[in-house]
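These are the residues of each chain, in order.
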Amino acid sequence: MSTVGALLLGLPLAAATLIGILHRRLSTRTAGTLAFAMAATCFGLAVAAFTHLRGLPEDARHVAATFWSFLELGRGDAALTLDVGVWLDPLSVTWALFITGVGSLIFLYSISYMEHEAGGARYFACLCLFLFSMLTLVLGKNLFLTFLGWEGVGLCSYLLIGFEYGKETAAQAGRKAFLVNRIGDVGFLLGMFWTWKLFGTLEHGELTPKLAAGLAAGIALPPLLALCYFVGACGKSAQLPLFVWLPDAMAGPTPVSALIHAATMVTAGIYLLCRLSSLFVAADWALDVVAFTGAATALFAGLIALRQRDIKRVLAYSTVSQLGYMFLACGLGAFASSAFHVVTHAFFKALLFLGSGAVIHALHGEQDLWKMGGLKHHLPKTAFAMRIGAFALAGIAPFAGFFSKDEILGVAFARAYAGDPACWVLWGAGVLTAALTAFYSARMITLCFDGSSRLDAHSHPHEAPAPMAIPLNVLAVLSLVGGIGLGFEALHWLPLHHWLAPTLAPLDLPPLPGALLWGLMTLAFLIAVLFWRIGAKWYSGDCEPARAAELTFPRFAGALAGRFFVDEIYGALIVRPLRFLAALALQFDVRVVDGAARGLGQFAALVGTGVRIVQNGTVQRYAFWMVAGAIALLWLALG
Amino acid sequence: MDLATDLAATAPLWLPMLGCLAVLLLETLAPGRSGHLGALVAGAAIALAFARLVATAPSGRLPFGMLADDALGRSLTGLLLLVGAAVVVLAEPLLARLRLAHGEFFALLLASLSGMVLLVQARDLMALFLAVELLSIPLYVLAAFRRLSAPSVESGFKYFLLGAFASGFLVYGIALLFSTCGDTSYAALARFAADPARLGATWHVGVALLLVGLGFKVAAAPFHGWTPDVYEGAPTPVTAFMAAGVKVAAFGGVLRLAHEVLPDGAGLRAGLALLACASMLVGNLGALLQVRLKRLLAWSSIAHAGYLLLGVLVVVAAKSHAGATGAAATPLADSAVQAVVFYLATYALTTLAAFGWILDLGRESAELQDLRALRGLARRRPWLSAALALCFLSFAGVPLTAGFLGKLYVLKAAFALGTELIVPMVVLAATSVIALGYYLRILSTLYMERAPDENAPAPARLGSTGVALLIAAACGGVLLFGVWPEPLLRWLGG
Amino acid sequence: MSLIDHYQAVLIFLLVGVAMVVSPLVMLRLVRPNKPIAAKSIAYECGMDPVGDAQVCFDLRFYTDALIFVVFEVEAVFMFPWAKVYRAFAAEGMSGFALAEGAIFVGILALGLVYVWAKGDIDWVKSLSSPRGVVRREGVVPAVPELEPALPEPEPELEPEPAARPAAPTADERHHAAHASHH
């Protein structure tokens, strides 16, 4: 298995290096084919790891492989050993499976999508590097490697958002993503230091037992420790208040949005929460913070998504909103449900992004929903696939999103039902978000594909070529069966949950009665269908009901369209004061620090000159210094 | 009789010597035509020696009663043989282009290499002295090998004068130690030194003089005066040999003395600390304003001698840390020895890459070896620039390069002793910051400044595949061992 | 025992030595004709007038010859201790080993001698044009067209530091420089 682990990390790195070195000489197609072959092989390897783990007894389903020891510091109890290696367990392999699976589909899709872009090989080099970093994040055998991967995906995200670095918006969006993520990274780092101080290990395999031992010995786990990781997760997974970078990240090429900013990288935060689930469960009120943040983000982003014009922004806010669901699930202690939603979300959100990419591709870069319409006649296959994805997103049975989302709402209800009044709020927020989700999904589909065409007269959209169509079809099938295939709570069919059970903290909640479950499911289904109908109705034709609603609540509508002015508020509250501080710091830097540094530098230069004067080339002088040194040594020896 | 065993165990020592004689014989039989053949014979001798080295395991015996056949000696011997082979690769194309392709170069190289190997295996002061002379005398000639180049001759002459001077100190120190202890073998000296009451002024003075002699060889301040002039004047392959080979060999000798003979004491600690601090300060400050690459590397090599001397100081100080005196090896001292050896390996690797670079693009021309010639080079020679940048990052000890781990292990060994060696440790940290000043200046020259003539064609290279491969391999090693030190550690650990 | 007993061998050695110098002189004084002329009392062995300033131009050929002589003489001294311990080795049954060591030593010395001989360094008149001396011309006569503008020889140097330079080219170098300019 260690070979499989090594190859899973080694192949993407090798491909990234190879394509990176030759990126000027390789054509987009060659580089893309190479990258796709690599990604597909990685998927095969992940499947191999999966079957291997399946063959092991349930309580021994983990394989650790150490390749080498990077650092060994300190002695005894304070020793810190940082090994480079992989840790294969159900959790990491699940992530690896959908990363490489969805990843290879998107790689395939990119070959056509990027064919006419300049620097396609550079794009694929970054994509391979991303795959390497993401797999390091997931498969790394300790938190240190996870952190390295964490930084690596951040770097790749930065590089790919700013792929068209000539465009000012793209470059700025890249910078924004990088800076906001830094805040989260600080949290992660602090958490790592603290964990090591408390438990003396960063190994995934050792953390849970040591934690259990520590708790048994009466150590109080500070909730702040869990919150450190939570801040990290918030940054990477775009939760309130650090979500602002993700919508801007849509400046990157659409397949990148699908892979990094929808399916995989943004779920790294959930992965971290799941990985440290035992720690979060033990950390008192930390989980409540997670749950409320998740619910608030889901609702907030869902609202903003209602009135976005840019199709990719709609999807971006819906991603933030869905990530909020996942956080909500983690906060409720239902880590498996969260992971379930991660997987289904990867399917349908990748599908939606790739579909929107096909639309944008067909319209030669047009992203404004109000300049689309009636596209189902031009792009029937894409429209069909997108519709499936939107149904899954909206939570309409039997599409994938329904099952995972319903399960999360079910857990929230069950908690409230079990006597936690605050969970009624969470459940309410979840249901409301579900309604919003159905509404904006319908709005997006209707505006894009239905009704009459608002296209430019000289635009002739055409269906995407085969390499783009195949991933769409595969993902459409997965969005259809991915939910029911992995879990149907009311029928007690929960293979994913059982598979993940050994690695996650168990959910301490009595199951709801069967009838109640069925009732909730029906309710969720009805709400989704109802709001889908409303959304479709409002935005079909000349959108009369929508306009009327906007006129009734002009300020609210304005706030929605303006994304609640979060960027502006941040600008006023954070960026402007920071600018002021920066200006102050600049003055301080120029006057005080530079002065001191220059003084020091001049001093050093002066000494350097002195040394050079001594070093004047005469042998006698050198010999003199030798004798002087010898005398000093003798004096020390005898003194 | 163990003669055969002894001979077999010391093959890496006498095989280069045999190669040296063979090259001389060739030169006698075919005067003036033995240049390429000499390189071949030298390469073969070194390869044979290396093969013998890796084919056998250290026996722990004392061949001929004067040498060591242990892990330390063997790992350093291996390192030296690799350095020797690299210098052959560097020298062959240069000599051919200078029309200086004489077998003598390789004969001298092999003789000096033989002396180096002897130095790291010596367990007797007589062998030590013989080794120092055997390694030095051919080097004097090698430094002046370009007889018609004034700087080369100047370099050889300076090195010879000061080297002879330093040898005087060395032999005087040996004589004093012999006079006080009546023996020259390390074992006997260690037994003698085990009782501190017996160590009088003669002993201390002897040790101090020994340090002077060896301090000259490792280019420690204040015995460093020759270094910049000699490094600059000597042909670049010879400079590489001095910087990498002599450093490894001389530190190997010092390390064995420190580990096996010298007892811990306030005087010795103060002396070593003085040398270490002076080297770090003088080396780094001297390099700060240098504009010529070879001189800059010379100053930096002085600074590195200082870092390494801190490691030697830890070896000595660790002996009394655990309460054990004399030559009793404590785990602390062992780990410090390993740290120094690792540092030496990474330093040798980086040095070979850097001098290979200077040879490749500097082509023995003062203008081309000037820092100003490197302005904006990254645009026209991206790979070579990256290689040089990597070398200097490794010299500076930036993480993910081998140099970082070298420095880290030495500091780690020092930290293990608590705050006993706080002064040199602080000096190391402070001077490392100063060092960044000139290392990063090179990076900014390469990457941020603009060439005076943007449209000029890319500077020509030496055009030797061997040299290019050597640079690539050494840089690859610097990167590889920076993230994956285990194989190197295991190999050096014996 | 008196001091004389300890050192009688030395004393005898001394006396014999003195006698061996003095007796021929005395004998010659008795038998030779005595016709002093000026030419007979000048120095001839070193070809140089021993009177006057010591800072005169020596012929470099003395230097190489003296060097080679000194090297081999000093090395030969090492044969004496070897001879001294040979008996001890033989007593331990290691005479073959000691003999081999001596043979190797002499062999290396002989190789050195052959080397200088082949190089023509012990010829009094060493011809630069002879095949044996061809190596002396390296770097001066370009046999192959120069490559790129690299490797100038001798190269111009920019010294930012006042490093000491060799005062003037040696006679040997002047000779080669002149030689080069002819070509």
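The rules behind the values
- Residues numbered from 1 in each chain as written.
- Chains lettered and ligands numbered in written order.
- Predicted model: local features only at pLDDT ≥ 70, side-chain atom pairs only at ≥ 80, totals over all residues.
- Helix = DSSP H or I, 4+ residues; strand = E, 2+ residues; numbered from the N terminus.
- Contact = placed C-beta atoms within 7 Å.
- Rg over C-alpha atoms; globule rule 2.2 N^0.38 Å.
- Buried ≥ 20, exposed ≤ 12 C-beta atoms within 10 Å, placed from the backbone.
- Nonpolar A, V, L, I, M, F, W, Y, C, P; charged D, E, K, R; others polar.
- Arc of directions from axis to C-beta.
- Axes fitted to C-alpha atoms, helices over the stretch in contact; angles between N-to-C directions.
- Parallel < 35°, antiparallel > 145°, perpendicular 65-115°, else oblique.
- Left-handed = near helix turned anticlockwise from the far one by under 90°.
- Core = buried A, V, L, I, M, F, W, Y, C linked by C-beta atoms within 7 Å.
- Domains from an automatic or database assignment.
- pLDDT = per-residue confidence, 0-100.
- Expected span 1.5 Å × (residues − 1).

**Observations concerning the overall build of chain C**
A tally of regular secondary structure across chain C gives six helices and zero strands. Beginning at the N terminus, the succession of helices and strands in chain C can be written as α-α-α-α-α-α. When contacts within chain C are restricted to residue pairs at least 6 apart in sequence, those whose partners lie at least 24 apart make up 43%.

**Some points on the overall build of chain A**
Summing up its helical and strand segments, chain A has 25 helices and two strands in all. In terms of overall size, chain A behaves like a compact globule, its C-alpha atoms giving a radius of gyration of 28 Å where 639 residues would be expected to give roughly 26 Å. Along the longest, intermediate and shortest principal axes, the C-alpha atoms of chain A span 100 × 65 × 50 Å. When each of the 639 residues of chain A is scored for burial, the buried share is 53%. Put simply, of all contacts in chain A between residues at least 6 apart along the chain, 81% involve residues at least 24 apart.

**Some details on the environment of D229(B)**
Here D229(B) lies in helix 10 (residues 226-233). Residue classification places D229(B) among the buried positions, given that 26 C-beta atoms sit within 10 Å.

**Looking at the interface of chain B and chain A**
If you look at the interface, chain B gives 36 residues, while chain A gives 30 residues. Broken down by class, the residue content of the side of chain B that touches chain A amounts to 26 nonpolar, six polar and four charged.

**What about helix 8 (residues 186-193) of chain B?**
Residues three or four positions apart in an α-helix share a direction because the helix packs 3.6 residues into each turn. Residues and elements named next belong to chain B. Residues Y186, L189 and A193 constitute the buried set of helix 8. Taken around the axis of helix 8, the buried residues stretch over an arc of 65°, which confines them to a single face. Residues of helix 8 that are buried make contact with helix 7 (150-181) and helix 11 (236-261).

**Some remarks on the packing of helix 13 (residues 293-321) of chain B against helix 18 (residues 422-447) of chain B**
Residues and elements named next belong to chain B. At their nearest, the axes of helix 13 and helix 18 sit 11 Å apart, and the two run at 160° to each other. Taken together, the axis directions place helix 13 and helix 18 in an arrangement best described as roughly antiparallel. In this structure, helix 13 crosses over helix 18, and the sense of that crossing is left-handed. In this structure, helix 13 uses L296, A303, Y307, L310 and L313 to contact helix 18, whose residues at the interface are P424, L428, T431, A435 and Y438.

**Some words on the nonpolar core**
Here is a general trend for soluble globular proteins: nonpolar side chains tend to be buried in one another's company. Ranked by size, the top nonpolar core spans 219 residues in total, and within it A35(A), C128(A), L328(A) and A350(A) carry the most contacts. Among the elements that make up this core, the one with the highest residue count is helix 15 (residues 335-362) of chain A (17 residues). Counting residues domain by domain, this core receives three or more from each of domain 1 (1-72 + 82-141) and domain 2 (285-370 + 381-561) of chain A. Apart from residues no more than four positions distant in its own chain, A350(A) is found in contact with V102(A), I106(A), A258(A), A262(A), A263(A) and L475(A). Counting residues in each nonpolar core, the second largest holds 213 residues, with F169(B), I302(B), Y343(B) and A396(B) among its members.

**So, the domain arrangement of chain A**
Domain boundaries in chain A define domain 1 (1-72 + 82-141), domain 2 (285-370 + 381-561) and domain 3 (567-638). Here the C-alpha centre of domain 3 of chain A lies 58 Å away from the C-alpha centre of domain 2 of chain A.

**Concerning the confidence of the model for chain C**
Residues and elements named next belong to chain C. On average, residues of chain C carry a pLDDT of 69, and 59% of them reach 70 or more. Per-element confidence in chain C is highest for helix 2 (residues 8-31), whose mean pLDDT is 91, and lowest for helix 6 (residues 171-182), whose mean pLDDT is 44. Low pLDDT, under 50, characterises residues 129-183; the predicted model gives this stretch 73 contacts beyond four residues in sequence or across chains.

**Some words on helix 17 (residues 400-417) of chain A**
All names here are of chain A. Taking 1.5 Å per residue as the helical rise, helix 17 with its 18 residues ought to reach 26 Å, and the 26 Å between its terminal C-alpha atoms agrees with that figure. The buried fraction of helix 17 is high, at 16 of 18 residues. Just downstream of helix 17, G419 is the residue with a positive phi angle, here 115°.

**Comments concerning unusual backbone geometry**
Along the chain, L240(A) connects to P241(A) via a cis peptide bond; the corresponding omega equals -5°. Residue position: P241(A) is located in the loop between helix 8 (223-236) and helix 9 (245-248). Cis geometry marks the peptide bond from A221(B) to P222(B), where omega comes out at 5°. Within the secondary structure layout, P222(B) lies in the loop between helix 9 (201-217) and helix 10. One non-glycine residue, F64(B), lies in positive phi territory at about 60°. Structurally, the position occupied by F64(B) is in the loop between helix 3 (35-55) and helix 4 (71-98). Assessed through the 16 C-beta atoms surrounding it within 10 Å, F64(B) is described here as partly exposed.

**Side note on the environment of M250(A)**
Residue and element names in this part refer to chain A. With respect to the secondary-structure elements, M250 resides in the loop between helix 9 and helix 10 (254-263). When the C-alpha atoms of M250 and A173 are compared, they prove to be 8.3 Å apart, with 77 residues separating the residues in sequence. If we ignore the near neighbours within four places in the chain, the residues touching M250 are S257, K312, R313 and A316.

**Remarks on the packing of helix 16 (residues 380-394) of chain A against helix 18 (residues 422-449) of chain A**
Residue and element names in this part refer to chain A. Helix 18 packs onto helix 16 with a crossing angle of 170° between their chain directions and a minimal axis gap of 8 Å. Our classification of the angle between helix 16 and helix 18 gives roughly antiparallel. Helix 18 is crossed by helix 16, and the crossing has right-handed handedness. Residues A383, M386, R387, A390, L393 and A394 of helix 16 pack against T437, A438, S441, A442, M444, I445 and F449 of helix 18. A per-class count over the contact of helix 16 with helix 18 returns ten nonpolar, two polar and one charged.

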